[in-house]
Amino acid sequence: MIPQMTVQMFTNMPFAQEYRKLAPNPDGFPALVSKLIALEKEPMAWGEQVKAIKNPVLIITGDADAATLEHSVSLFHLLGGGMMGDMGKPLPASRLAVLPATSHTAVITQTDLLHAFVEPFLKGQTPKGMFDTTAKAP
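Values in this document were obtained by computation on a predicted structure and should not be read as measured data.

Peer 1: Run through the overall build of the protein, naming residues and quoting values.
Peer 2: The helix and strand tally for the protein stands at five helices and two strands. The order of α-helices and β-strands along the protein, N terminus first, is α-α-α-β-α-β-α. Whereas a compact globule of 138 residues would reach a radius of gyration of roughly 14 Å, the protein reaches 18 Å, over 25% beyond that. Taking the principal axes of the C-alpha coordinates as reference, the protein spans close to 55 × 30 × 30 Å.

Peer 1: Requested: an account of the packing of aromatic side chains, with residues and values cited.
Peer 2: For the structure on display, the rule yields three aromatic pairs. Pairing Phe10 with Phe15 gives two aromatic rings, centres 6.5 Å apart and planes at 45 degrees, and the pair type is tilted. Judged by relative accessible area, Phe10 falls into the buried class, the value being 18%. Given the relative accessible area of 36%, Phe15 is considered partly exposed. Among the aromatic residues, those joined into a cluster by ring pairs are Phe10, Phe15, Tyr19 and Phe29.

Peer 1: Mind laying out the pairing of strand 1 (residues 58-64), listing which residues take part and the relevant values?
Peer 2: The side chains of a regular strand alternate, residue by residue, between the two faces of the sheet. Sheet topology note: the strand 1/strand 2 (residues 95-103) ladder contains six bridges and is parallel. Each residue of the ladder has a partner; that of Leu58, found in strand 2, is Arg95.

Definitions and cut-offs
- Residues numbered from 1 in each chain as written.
- Predicted model: local features only at pLDDT ≥ 70, side-chain atom pairs only at ≥ 80, totals over all residues.
- Heavy atoms only, no water.
- Helix = DSSP H or I, 4+ residues; strand = E, 2+ residues; numbered from the N terminus.
- Rg over C-alpha atoms; globule rule 2.2 N^0.38 Å.
- Phe/Tyr/Trp six-rings, centres within 6.5 Å; stacked < 30°, edge-to-face > 60°.
- Buried < 20%, exposed > 50% of the residue type's maximum accessible area, 1.4 Å probe, protein only.
- Pairing = 2+ DSSP bridges.

This is how it looks when you write it as structure tokens:
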């Protein structure tokens, strides 16, 4: 899809109207979309930079997102995630959340699910497992 993307594809979408209401430059949406399209065409060779991130990261994706699940999982692995959580070792601070039946633009409409993922992440809370007595309970 990315090679065929044009600014015109986005100018009549609902978020374009919201941009006009909220942005300091209401007429800047086409320029923003043009920059985002150019960014999408850049290679994503971020492995070393992602590994170097020191702060916890919450990756949120939909199972029908533009980014593939494999890409999201590989980012999560670069952040130290993807290990068995019931082995007595502390889990990594970074997390991966996959929203079911959710496309790229529908992620923001899943407010209840997002809140359930984001709030505990920001508070540093980890669900307690059967074998983990060190996790913080919500």
